[in-house]
Each structure stands twice: as structure tokens, then as C-alpha cells.
Amino acid sequence: MLSYVLRRTLLMIPTLLLLSVLTFVVIDLPPGDYLTSYITTLEAQGVRVTEERVAALRHRYALDKPLYQRYANWLWRIVRYGDFGQSWKWEKPVKDLLLERLPFTMVISISTLIMTYLLAIPIGIYSAVNQYSWGDYVFTTIGFLGLAVPSFLLALVLMFVFFKYFGLSIGGLFSPQFRDAPWDIARFKDLLSHLWTPIIVVGMGGTAKLIRVMRSTMLDELSKDYVQTARSKGLAEFFVITKHAARVAINPIISVVGWTLPAIVSGEAIVAIVLNLPTTGPLLLDSLLAQDMYLSGSFLFTLSALTIIGTLLSDLLLAWIDPRIRYDASE
Amino acid sequence: METTKQTTELTHLDMGTEPYEELETESLSQWELMWRQFRRHRLAMAGSVVLILFYLVALSAGFVATQDPVQRNAKYAYTPPQLPKFIDAEGKFHMRPFVYGLTQETDPDTWEKVYVVDHTVQHPLKLFVRGTPYKWFGLFQSNVHLFGVEGNAPFFLLGTDALGRDMFSRIIHGAQISLSIGLIGVFISLILGLAIGGLSGLLGGTVDIVIQRLIEFLISIPHIPFWMALSAALPASWSAIKTYFAITVLLSLLSWTEVARVVRGKFLSLRETDFVAASISMGGSNWWVIFKHLIPNFLSYVLVTVSLTIPGMILGETSLSFLGIGLRPPAISWGVLLQQAQNMRTVALRPWLLLPGLFVVIAVLAFNFVGDGLRDAADPYAD
């Protein structure tokens, strides 16, 4: 187990390095840069921008240096000082913006992940045990819809329904009076009352997929001999299912955390834009459009890095639960 | 078990032209067996019908659409959908469906323009009516439409947008981009996946390890933020066609991994089979083995993967265009049409602006059903 943990953790270093290169290159792709639009704005305001001024600005933002130097500098400052650079548009350290936005993204993503599993496992078991029953059909239909409805559309429809029929606005994470208030019990309660919308919207697709996986593996297990044996020795049906079949059927759906988590983070980014949540998504889009490269690069990098680390953690958890995995991997 | 079956299958294929047959009783080809299996999956059949219909409509968009999709009718901005009726206001039944005329009035309180259904005017719906001219495949000029009302009477089946453009016609034309982007994108992913997965499975060793790590890496990063970044990098000055292809390419950049995994897995397992060993020992070259034995054997699995990749791409394009960083107006796609549904105040009063979303959902659902059916049919020898 220890060697498995070590190997997987060491593999993170090249992975994260590759990720940092990829994000930096992607962020640098657009023609022109923040300065181009900045200068255009200045000129539109009637400020005359001289050649020297442009050069000075380029130097200040290190835009006169080649790509690899800027990359090396950026990475070094993150590793050495935890400094993610400066947001040009917000004129703030990127780190501050990250600390402001990232926790909400993480709260939503992690709660969505937990809810996805808490819902998918029992529903999957129910659907398999009561195959072709009324409830099974209902869940299968919901499952297929969950796969086909893009999360942003679901967010729009929910907003529409609540706005039109209940006169409620369900966007945001806080009511207006709590938006800038300091943390206290009331604000926390307010957050909880807003949190369920993004969790349902983001979690819908993943839950639908997991229900289908859980249902099909459970069906496979239920037809196996050991289940018959358990029944024939007089074990109550409830324990046959929970202690025998479900125990085995649960492994495949835990092992797909690897693609559930990235999908949730992806979905969160776009749902946050629609629902106007104070998370990373809207700011990422904004910074991409403004070519605020250190901001967008750092957001993209930390979002992906956290997803990769989350996947690693769940893999380790799985290896701890199911020894077969770590033996397979060490072969 | 599987090996022996595949061997018989292959000898059957190879000796198809020989005068003798091994089995007299049943000599259905692999594809015929698959078709048989596929037909049993009712949802998949329904999905196929829907998809064929959608693509036919997309191909003949000008013919099916009742109006010119870019024609602005300032007089009829935000007209609600006019659903065809069979029974009129007096309860009389009409064999031919009709729509009522519209008159515009100003609300005395709010000064907003409202549309009042004019019960005195009936416009019957007819098939093959003459209307706005369009070009079929950019070649044949025509002005015959599948259905519509005669003359210049307003007929907006699914309502109009802020500029009075007909939503129905726009959705039909949007299908062209939204439905084709998945096909072209999946084609690029397929080529990438076949090449990279094949290389990985064939060469093995370090190349295999590196490619596998790369695939794991690409799967573990969240796709939409990266698509957003790549898509935002596309210059706004690009023409619609250029942006369209750029979006397709960047959607496929992260979507080839599944195909590559399937191809590699099948390469590895088929390499060990007797019939491949036999072919090699009889002097079959690498290319012979690949094209004659390997590819026909895993093509069905690749097809399944591909059919399940398309909906993801459709959703990707829709999401990006919805955010305003994918395709931009005047290009028409379902995502572009959904952009105007971003403002809740607008949508609350004009819910028909959400309708393009319904078409996205139907298309994605149909692809999922077909993919499901294909998965069941991919291995017709199972059971």
C-alpha cells in the first residue's frame, strides 16, 4: 500500500508540471495581449500613448520577455512564494482573488460529489432490485434526461420556473443583505439555503450516469450464485442486498470518481456563470475575455490541479478499500 | 471462446468467394447479426428514426423552414408561438389546421406592445406553399416550402425573437451547425484516436506508457474550462466558417481519448489471438494484419464509443456558443440561439426563447439511445 501511495504521489509532480505548461501555453495563445486592449481603452479616453510608455508598460508586465521565461518566472514564484502574479484588470494579486473564489467552487464541487454518490447508490440498488417496476422506469427516465439536459439549460429552466411561478430569484449564493456581511450563523444558514440549487443542477448529469452504472453492476451481481447461497441459508433479503450484492457492486462506481470529479468541476464552471455564483467560473470567463493572463492561467491551473489531486485522493481511497486495485497496479 | 468464434467468422469472410460453405444453416455476416441485435433495442430504433429525421431536416433546412431565418420583422418582435389549430373560436372543427391573424395593440397601462390574436382572420396551413426563396445545397433556387400559410400573412410557429426573426426557421437552420459539428468533430477524434491508440497498442513499451499517461492526464482535467480558454483565444474577426472549424478541432482535441483507449485495448487483446498469430505465421505483413484482421474486429466497439462522443460535442458547442465564446451571430446554432435566453427578465415573459434547448435535449437523447443500442449490438456473439 505504501509503495502504491508513494508511486502515485510522485507521479503527480510530472503531471502537475505538464498541466502548468499546458495552461500557460493555452493562455498565451490568443493574438494580442492585455496591453493591446488596455492601450485601446486609454486611447479611446483621449490619452496619448507614446512609444516609450508602451515599452515601459510592456516591461512592467514582463510582456517583452519570451514565453518560456515568463512561464519559468510564473512557476517559480508560485512554488517559491505562493505568488500567482498580478491581475491586471482587477489590479489585485491573483492569490487574493483565488482565495476569495476557490473555496466556494470547492464547497459546491465536493458537496455535489457527495450528493451524487449518496443519491446514485441507493437509487441504483432500488432500480436493480425492482427491475422493470414503476419506480425503475421513473428513475431510468430521469437518468436519461439527466444525461441529455446540459447543466446550463437546467439552470435556466429552474431559474425560469422559480422566477415565473414563485417570484423567486434563485441565482447567487447569498441573499443581498448577506453578500458582503461577515461570517456568522445567519450568513451560513443563508448560504445553505442557496447552495442546493447549484448542487442539484451540477450533480444531475453525474448522478444519472452513476445510477445507470450502479444499476447494471447490481443486476449482474444479483444473478450470481453467492447471492442465491446467501438467500438459501435464510439471510434476510435486506442483508443479502446490502451485505453481499451491493458491497461488490459498489466498486465500479467508486472507481469512476476519476471522471465524475472533472465533469462536476466542468459543470460548475458553466452553471456558476448562469446562476451568477461568486465562484471561479464567472471570473475565469471574464479574465479569458479580458486576456488577463495571470488571472485566467492561475484559475485554470488551480481548478485542474485540484481536480487531479481530488482524483488521486479518491484513487488512494479506493485502493485502501479494495486491495485488488493496488495489487493490479503493482504488477 | 470469443477467439474461436472470431476465427470462424474470419474464415467465413476470407472464403466467401470459394465454392464451398462451412455452415449451410446460418451464414449471416457479423454486420447482419449486429443489425438484428440492434433492431431489438426499441429505444435505439426510435433514436435512429429521430436522428435521421433531424439530419434530413438539417439538410433541407431552407425547404422545411417557413421563413428566411435572418429576415427581421420589426413589426412582429417577440411574437408568441402560433400553434396550428383545428377548432376555431366558435367551436367549429376544421379539417385543415389554421392559425389566426395577429394584430398589434398598445397596452394602455404599460405602453408595451402586445399581440392580440385576431379571431376574425384565419390563415389555413397548406403543404408546399410558395414563400421566401432559398437555395437548396447552394445550387437550386426554389421558393417552395414544406408547409406554411399563403401570401404574406404572419406565421411564426415557434414565435419570434427580439428582432422579429422566426424562431422555428432559426432552429431548423441552427440544426445545420449544431448537428454537423458533432459529426465532423467525432471524425477528427476518430482519426486521432485510431492513430494514437493504434500506435500505443502496436509499439508498446515506452511509447505506450507515455501515451497512456497523456490520456489519463487529459481525462482528469476539467474539459469545459479548457474549452473556454481555447475558444476565447479564437479571434473575433474570424469568419463564421473558420470559427466553426476551429471549434470542431478544439472540441476533438480533448475527445479522442476514449477512442484511443478502446483501440489500444482491442489491439492488445487481439494481438494474442490465434487467428492473428496464424496470419503472421503465414507471412501476413503488419499492414495486412491491421487492416484485414484487427480493424474489422474492433470497428464495432469504436463505433459505440464514437456514437457516445457525439452528444458530448454537441453539448460542448452549445455551451460555448451560449457563453458567447463559441460561434457568434450572425452564425446560427442552437447555442447561439440560446444566448438570448440568458436574461431572466426576457425569458420570464418569453419562454419560447428556451425552445432551442429542447432540440438540443432531443438530439442528445437520441444519440444516447442509439449509442446504447449499438453497445448491445457491438458484440453479437455474446449470450
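Source: prediction; values computed, not measured.

Explain the side chain of B:Ser189 to me, using residue names and the numbers behind them.
All names here are of chain B. Considering the arrangement of structural elements, one finds Ser189 in helix 5 (residues 167–203). Polar contacts involving the side chain of Ser189 include one to the main-chain carbonyl oxygen of Gly185, which spans 2.9 Å. The contact partners of Ser189, leaving out residues within four places of it in the chain, are Ser252, Ser255, Trp256, Val259 and Met313.

Quick one: what's the story with the domain arrangement of chain A, residue by residue and with numbers?
Residues and elements named next belong to chain A. With domains assigned, chain A is organised as domain 1 (31–83) and domain 2 (95–330). The centre of domain 1, based on its C-alpha atoms, is set 39 Å off from the matching centre of domain 2. In this assembly, 8 residues from domain 1 lie in contact with 9 residues from domain 2. Summing the contributions of domain 1 and of domain 2, the shared interface buries around 720 Å²; its carbon and sulfur component is 57%. Along the contact surface separating domain 1 from domain 2 lie 0 salt bridges. Linking domain 1 to domain 2 there are 0 residue pairs in polar contact (both at pLDDT 80 or more). Sorting the residues of the side of domain 1 that touches domain 2 by element identifies helix 2 (34–44) and helix 4 (67–81) as the ones contributing at least two each. Taken together, the residues of the side of domain 1 that touches domain 2 sort by class into 3 nonpolar, 3 polar and 2 charged.

Quick one: what's the story with the pattern of salt bridges, residue by residue and with numbers?
All names here are of chain A. Taken as a whole, this structure holds 9 salt bridges over all chains when the rule is applied. Lys92 is the salt-bridge partner of Glu100, the closest N and O atoms lying 3.5 Å from each other. The class for Lys92 is partly exposed, based on a relative accessible area of 30%. Its salt-bridge partner being Asp136, residue Arg215 comes within 3.0 Å of it at the nearest N-O pair. Of the two residues, Arg215 is situated in helix 8 (residues 185–222) and Asp136 in helix 6 (residues 134–148); the sequence distance between them amounts to 79 residues. There is no split in this pair, since Arg215 and Asp136 are both buried.

With reference to specific residues and values, describe the packing of helix 11 (residues 257–275) of chain A against helix 7 (residues 223–232) of chain B.
Where helix 11 of chain A contacts helix 7 of chain B, the axes come no closer than 6 Å and their chain directions differ by 60 degrees. By the angle between their directions, the pair helix 11 of chain A and helix 7 of chain B is classed as oblique. Every residue of helix 7 of chain B that contacts helix 11 of chain A at A:Ser266, A:Ala269, A:Ile270 and A:Ile273 is listed here: B:His223, B:Ile224, B:Pro225 and B:Met228.

Please set out the interface of chain B and chain A residue by residue, giving values where relevant.
When the parts of a complex come together, some accessible area is lost, and that lost area is often taken as the interface size. Counting residues at the interface gives 40 residues for chain B, matched by 44 residues for chain A. Taking both sides of the interface into account, the surface hidden between chain B and chain A amounts to around 3,500 Å²; carbon and sulfur atoms contribute 85%. For chain B, the biggest contributors to the area lost against chain A are B:Phe217, B:Phe226 and B:Met344; these three give 17% of the whole. If you look at where chain B meets chain A, you find 1 salt bridge. The closest approach of N and O atoms between A:Arg212 and B:Asp372, which form a salt bridge, is 2.9 Å.

Tell me about the confidence of the model for chain A, and please be specific about residues and values.
Summary statistics for chain A give a mean pLDDT of 82 and a share of 96% for residues scoring 70 or more. Element-level pLDDT for chain A is lowest in helix 14 (residues 323–330) of chain A, with a mean of 61, against a maximum mean of 89 in helix 5 (residues 94–129) of chain A.

Explain the confidence of the model for chain B to me, and be specific about the residues and the numbers.
All names here are of chain B. For chain B, mean pLDDT is 80; residues scoring 70 or higher make up 89% of the total. Predicted confidence in chain B is weakest over helix 1 (residues 2–14), with a mean pLDDT of 46, and strongest over helix 12 (residues 334–338), with 89. Within the model, the stretch residues 1–16 combines pLDDT values under 50 with 23 contacts to residues more than four positions away or in other chains. The complex model carries a pTM of 0.82, and its ipTM stands at 0.84.

Definitions and cut-offs
- Residues numbered from 1 in each chain as written.
- Chains lettered and ligands numbered in written order.
- Predicted model: local features only at pLDDT ≥ 70, side-chain atom pairs only at ≥ 80, totals over all residues.
- Heavy atoms only, no water.
- Helix = DSSP H or I, 4+ residues; strand = E, 2+ residues; numbered from the N terminus.
- Polar contact = N/O pair within 3.5 Å; in protein donor to acceptor, adjacent residues only side chain to side chain.
- Contact = heavy atoms within 4.5 Å.
- Domains from an automatic or database assignment.
- Buried area = accessible area lost by both parts, 1.4 Å probe.
- Salt bridge = Lys/Arg side-chain N within 4 Å of Asp/Glu carboxyl O.
- Nonpolar A, V, L, I, M, F, W, Y, C, P; charged D, E, K, R; others polar.
- Buried < 20%, exposed > 50% of the residue type's maximum accessible area, 1.4 Å probe, protein only.
- Axes fitted to C-alpha atoms, helices over the stretch in contact; angles between N-to-C directions.
- Parallel < 35°, antiparallel > 145°, perpendicular 65-115°, else oblique.
- pLDDT = per-residue confidence, 0-100.

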